[in-house]
Amino acid sequence: MKNNKLKDILQNALGTIEKALSLDALINIKNTYLSKKSELMGMMSKIGELPPEERKEFGQEVNEVKTTIAASLDEKMAELSEKEMAEKLKKEEIDISLPSRSLTVGGRNPFHIIKDEMIDVFLGMGFEVADGPEVESDEFNFELLNIPKDHPARDMQDTFYIDKNTLLRTHTSPVQAHVMAEKKGEAIRVICPGKTYRRDDDDATHSHQFAQIEGLVVDKDINIGHLKATLELFAQRMFGEKRKIRLRSSYFPFTEPSVEVDIDCANCGGKGCSMCKGTGYIEILGGGMVHPNVLKMNGYDPEVYSGFAFGIGIERVAILRYGIDDIRRFYQNDVRFLHQFRKKI
Ligand code: PHE
């Protein structure tokens, strides 16, 4: 290389590149030596001032200096990035021998835990899940269930009316009529979980909104033994293999005979304690054989078909399973309550 100034530039550049300790430093070096404002590029722009015979050689030398510096920068850049990566990996190394922090996931509301369990029990017995609207017509909520207008049983289930003929359903039983309309004379084995509403004043055991699981079986030769066996198996799955149930006679306009179902108290085994208020039994649901009028009104011949139905309060089952003292806890979203049902992993 003839031009001494170029030689100096090259040597200086290679020297600083060699000593550079970081990628940032290399970027600065690149700016100093190769940017448009660099000395090297300044010299290049003055090529026109040289005598013509020297121009070619000078141009080649500038180019050589430029490419040599660029190649050296690239090489150093590769070397430093590899080093930086290795250091970063070392710094971020995880000591897998340390005990981990325990992870907590949010708690499911016990209402949903129990609802899903109940549904599973019935799915296991071959029931299908059916659905119906929460805003119902008077016809479905009452009339098709053998509760005509002015029937005194309507007083037991006052609710929120949208207009004269539309209301928030007071129970999941209207789904019975929807399913019968849909199945048009075929055999039925469904459950319907869902929200229900009543004009109750809220207190520890009442809520204006709560949930039920309705059950309906319609087929030839269905008798009350099927109802009892189904509900006893349900009670055992939910409250323990030893549970027994007791049917007490009751009244619902849409079932005949109607029953109230009690389970023997899991706490005292039937001897009587504070949980069962000394009776040995705890009431959990209502049910009965589908009333012939209901079958007839919904397109099933009661001479050929018979069936049973039941309605279980979901909160009631959850309250009994977990010993919850107030139904309002399910809806208040108090984390101190919900955290008790949180899973640790
Ligand atoms: N619908 C009734 C209630 O809410 C329960 C029930 C359902 C009774 C099905 C008999 C048959 O009180």
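Position numbers for residues start from 1 in each chain and track the written sequence from start to end. In keeping with the predicted nature of the model, local features appear solely for residues at pLDDT of at least 70, side-chain atom pairs appear and are counted solely at 80 or more, and the whole-chain, interface and lining totals rest on all residues. Side-chain numbers come from the whole structure's heavy atoms, not from hydrogens or water.

**Describing the pattern of salt bridges**
For clarity, the threshold we go by: When a carboxyl oxygen of Asp or Glu is within 4 Å of a side-chain nitrogen of Lys or Arg, the pair counts as a salt bridge. Helix and strand labels come from DSSP, where a helix needs a run of H or I of at least four residues and a strand needs a run of E of at least two; each type is numbered from the N terminus. Under the scheme applied here, a residue whose accessible area is under 20% of the maximum for its type counts as buried, over 50% as exposed, and between as partly exposed, the area being computed with a 1.4 Å probe on protein chains only.
Counted according to the given criterion, the structure contains 19 salt bridges. Glu79 is paired through a salt bridge with Lys76; the nearest N and O atoms lie 3.7 Å apart. Taken together, the positions of Glu79 and Lys76, both in helix α4 (residues 52-91) and three residues apart, correspond to about one turn of that helix. Assessed through its relative accessible area of 10%, Lys76 is described here as buried. For Arg108, the salt bridge is made with Asp116, and the minimal N-O distance between the two is 3.0 Å. A residue is classified by how much of its surface remains accessible, and Arg108, at 42% relative accessible area, is partly exposed. Under the relative-accessibility criterion, Asp116 is labelled partly exposed at 29%. Beyond isolated ion pairs, a larger network of salt bridges with shared partners links Asp138, Glu143, Lys149 and Arg154.

**Let's talk about the site of the ligand**
The criterion, for reference: It suffices for a single heavy atom of a residue to lie within 4 Å of a molecule or strand for the residue to be listed as near it. Within 3.5 Å is the distance limit for a polar contact, defined as a pair of N or O atoms, with the added protein rule that one can donate a hydrogen and the other accept it, and that residues adjacent in sequence qualify only through two side-chain atoms. When residues are grouped by polarity, Ala, Val, Leu, Ile, Met, Phe, Trp, Tyr, Cys and Pro land in nonpolar, Asp, Glu, Lys and Arg in charged, and all others, Gly among them, in polar.
By nearness alone, 15 residues border the ligand, and His171, Ser173, Arg198, Gln212 and Glu214 come closest of all. Taking Ser173, its side chain carries an N or O atom lying 2.9 Å from a nitrogen atom of the ligand. Taking Arg198, its side chain carries an N or O atom lying 2.9 Å from an oxygen atom of the ligand. Taken together, the elements giving at least two residues each to the shell around the ligand come down to β6 (209-219), β9 (281-290) and β10 (306-313). Residue contributions to the shell around the ligand peak at three residues, all from β10. Residue composition of the shell around the ligand, by class: four nonpolar, nine polar and two charged.

**Quick notes on the sheet that holds strand β7 (residues 245-252)**
Note the following rule: For two strands to count as paired, DSSP must find a minimum of two bridges between them. The contact criterion used throughout is that any non-hydrogen atoms of two residues lie within 4.5 Å. To get an axis, a line is fitted to the C-alpha atoms, and for a helix only the part in contact is used. The angle between two axes follows their N-to-C directions and goes from 0 to 180 degrees.
The mixed open sheet is built from seven strands, whose spatial order is β1-β5-β6-β10-β9-β8-β7. Each edge of the open sheet carries a strand with a single partner, namely β1 (128-129) and β7. Of the strand pairs in this sheet, β9 and β10 are connected by five bridges, and their pairing is antiparallel. Residue pairing across strands places Met289 opposite Phe308, the latter belonging to β10. Along the sheet, helix α7 (residues 174-183) makes contact with β1, β5 (188-197), β6 and β10, crossing β5 at roughly 145°. Along the sheet, helix α8 (residues 224-239) makes contact with β7, β8 (255-264), β9 and β10, crossing β10 at roughly 30°.

**Some details on the side chain of Asp326**
Here Asp326 lies in the loop between α10 (314-322) and α11 (335-338). The exposure class of Asp326 is buried, given its relative accessible area of 12%. Polar contacts involving the side chain of Asp326 include one to the side chain of Arg328, which spans 2.9 Å.

**Brief notes about the sheet that holds strand β4 (residues 166-168)**
Pairing in this open sheet of three strands is antiparallel, and the strands run β2-β4-β3 from one edge to the other. Here the strands that pair on one side only, and so sit at the sheet edges, are β2 (135-137) and β3 (161-163). Put simply, the sheet's adjacent strands are angled 30° from each other on average, direction ignored. Pairing of β3 with β4 involves two bridges; the strand directions are antiparallel. Paired with Asp163 across the strands is Thr166, a residue of β4.

**Description of the pairing of β9**
With respect to burial, β9 is a largely interior element, eight of its ten residues being buried. Bridge count between β8 and β9: eight bridges; the pairing is antiparallel. Residue pairing for β9: Glu260 is matched across the bridge by Gly286.

**Side note on the packing of helix α5 (residues 110-124) against α10**
Stated precisely, the cut-off is as follows: Here roughly perpendicular refers to angles of 65 to 115 degrees, roughly parallel to angles under 35, roughly antiparallel to angles over 145, and oblique to all remaining angles.
It is at 9 Å that the axes of α5 and α10 come closest, and there the two elements cross at 105°. Put simply, α5 runs roughly perpendicular to α10. In this structure, α5 uses Pro110, Phe111, Ile113, Ile114, Lys115, Glu117 and Met118 to contact α10, whose residues at the interface are Ile314, Glu315, Val317, Ala318, Arg321 and Tyr322. In terms of residue class, the contact of α5 with α10 is made up of nine nonpolar, no polar and four charged.

**Brief notes about the environment of Lys2**
If you trace the backbone, Lys2 turns up in the segment before α1 (4-19). Residue classification places Lys2 among the exposed residues on the basis of a relative accessible area of 62%. Linking Lys2 and Glu61, residues 59 residues apart in sequence, is a C-alpha distance of 8.2 Å. When near neighbours in sequence (up to four residues on either side) are disregarded, Lys2 contacts Glu57 and Glu61. Within the local environment of Lys2, its side chain forms a polar contact with the side chain of Glu57, the two groups lying 3.0 Å apart.

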